[in-house]
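Remarks on the overall topology
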Amino acid sequence: MTERYMLIGCEIMHREICLCAALSKNIIDLEFLDKGLHDIGEKAMSEALQQEIDNVNTEKYSAVLLCYGLCNYGVKGLHSSIPIIIPRAHDCITLFLGSKERYRDYFDNNPGTFFRTSGWLERVDFGIEGEENVMSKLGIAPDTDYSEFGEENAEYLREILGDWTSNYKKQTFIDTGIRDTTIYEEQVADDSQANGLEYERVKGNIRLIQELMDGNWDSNDFLVVPPGNEIIASHDENIICCKKRERR
């Protein structure tokens, strides 16, 4: 039976989501949100996502599909009068690798890794209009004058905040296989070499995105949030769960 779903997803996965929607047996309408949503804080991100969910025509669609992970708790509290289905994922890297288990295995064996995909390189982040990102809210935007903290502290802050590579040892490009990514792989490899980082290319797997749209919601991979419930973090291997919403 063909169902009609509204999918709300991050623009980082634009190519992958569009491909899976075209291949799905179901009718999938799409709404993409700016990747800068991750940078405005948990509360603001949750409010923005909830607004999109509230705009969904609940008589037209059988469910809302969220193509997001826990994403720094930005999906906490989300709810709808129709079911919400969301992958059990820490962030979009799980969706690019194909499972939370593969993500955990790679993360454990490759600490200090910064991930790249074609979507990360194509979708330049100019920020969300009218919103400050987390760094600017803390008063540590790139153009901040740190002299008020003293010369030694100012130098330290400039060094740490101005050089993101200091927190990483490796860059990994995930090839999801939907287009020729040679130019992007070369770009990341060159950038890694220039910054003294290791480089690796790994083969991605977008099965979670496809199964989300096809309605194959195995409980190990997906959380189905019934009406009257909201998403919360589970703080275990399931990553997310749901609870009854309190009357407000």
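In case you missed it, the structure is sitting above this.
Because the structure is predicted, anything quoted here is derived from the model rather than measured.

1. Topic: the side chain of K170
As for its position among the elements, K170 is in strand β6 (residues 170–175). Within the local environment of K170, its side chain forms a polar contact with the side chain of E200, the two groups lying 2.6 Å apart. Those residues in contact with K170 that sit more than four places away from it in its chain are Y106, N110, G112, T113, F114, L197, E198 and E200.

2. With respect to the pattern of salt bridges
One pass over the full model with this rule turns up 14 salt bridges. A salt bridge links E101 to K100; the nearest nitrogen and oxygen atoms lie 3.0 Å apart. Exposure remark for E101: the relative accessible area of 39% places this residue in the partly exposed category. Between R104 and D108 there is a salt bridge, and its shortest N-O distance comes to 3.2 Å. Here R104 pairs with D108, and both are found in helix α4 (residues 100–109), just 4 residues apart, close to one helical turn.

3. Comments concerning the layout of surface pockets
Taken as a whole, the second largest pocket holds about 160 Å³ of empty space. If you go around the second largest pocket, the residues you meet are L70, Y73, H90, K100, E101, R104, A233, H235, D236, E237 and I239. Ranked by residues supplied to the lining of the second largest pocket, first place goes to α4 with 3 residues. The class makeup of the residues in the lining of the second largest pocket is 4 nonpolar, 2 polar and 5 charged.

4. Description of the packing of aromatic side chains
The tally for this structure, following the rule as stated, stands at 4 aromatic pairs. Between Y5 and W217, the aromatic rings sit 5.6 Å apart at their centres with planes inclined by 55°, giving tilted as the arrangement. Taken as a pair, Y5 in strand β1 (residues 4–10) and W217 in the loop between α9 (207–214) and β8 (222–225) lie far apart in primary sequence, 212 residues in all. For Y5, a relative accessible area of 6% gives the class buried.

5. Notes on the sheet that holds strand β3 (residues 63–67)
Note on sheets: strands pair through backbone hydrogen bonds, and any given pair is parallel or antiparallel. Across the sheet, which stays open at both edges, the 5 strands sit in the order β2-β1-β3-β4-β8 with mixed pairing between neighbours. Both outer strands of the open sheet, β2 (27–33) and β8, are each paired with one neighbouring strand and no more. Recorded for the sheet is a direction-independent mean angle of 20° between the axes of neighbouring strands. Where β1 and β3 come together, 5 bridges link them in parallel fashion. Within the sheet, the bridge partner assigned to Y5 lies in β3 and is A63. Across the sheet, helix α1 (residues 14–23) touches β1, β2 and β3, and the angle it forms with β2 is around 170°.

Criteria and cut-off values
- Residues numbered from 1 in each chain as written.
- Predicted model: local features only at pLDDT ≥ 70, side-chain atom pairs only at ≥ 80, totals over all residues.
- Heavy atoms only, no water.
- Helix = DSSP H or I, 4+ residues; strand = E, 2+ residues; numbered from the N terminus.
- Polar contact = N/O pair within 3.5 Å; in protein donor to acceptor, adjacent residues only side chain to side chain.
- Contact = heavy atoms within 4.5 Å.
- Salt bridge = Lys/Arg side-chain N within 4 Å of Asp/Glu carboxyl O.
- Buried < 20%, exposed > 50% of the residue type's maximum accessible area, 1.4 Å probe, protein only.
- 1 Å grid on protein atoms, 1.4 Å probe; cavity = no way out; pocket = protein on both sides within 12 Å on 5 of 7 lines; lining within 4 Å.
- Points joined across faces, edges and corners; volume = space filled by probe spheres on them.
- Nonpolar A, V, L, I, M, F, W, Y, C, P; charged D, E, K, R; others polar.
- Phe/Tyr/Trp six-rings, centres within 6.5 Å; stacked < 30°, edge-to-face > 60°.
- Pairing = 2+ DSSP bridges.
- Axes fitted to C-alpha atoms, helices over the stretch in contact; angles between N-to-C directions.

In short, geometric facts, not functional conclusions.
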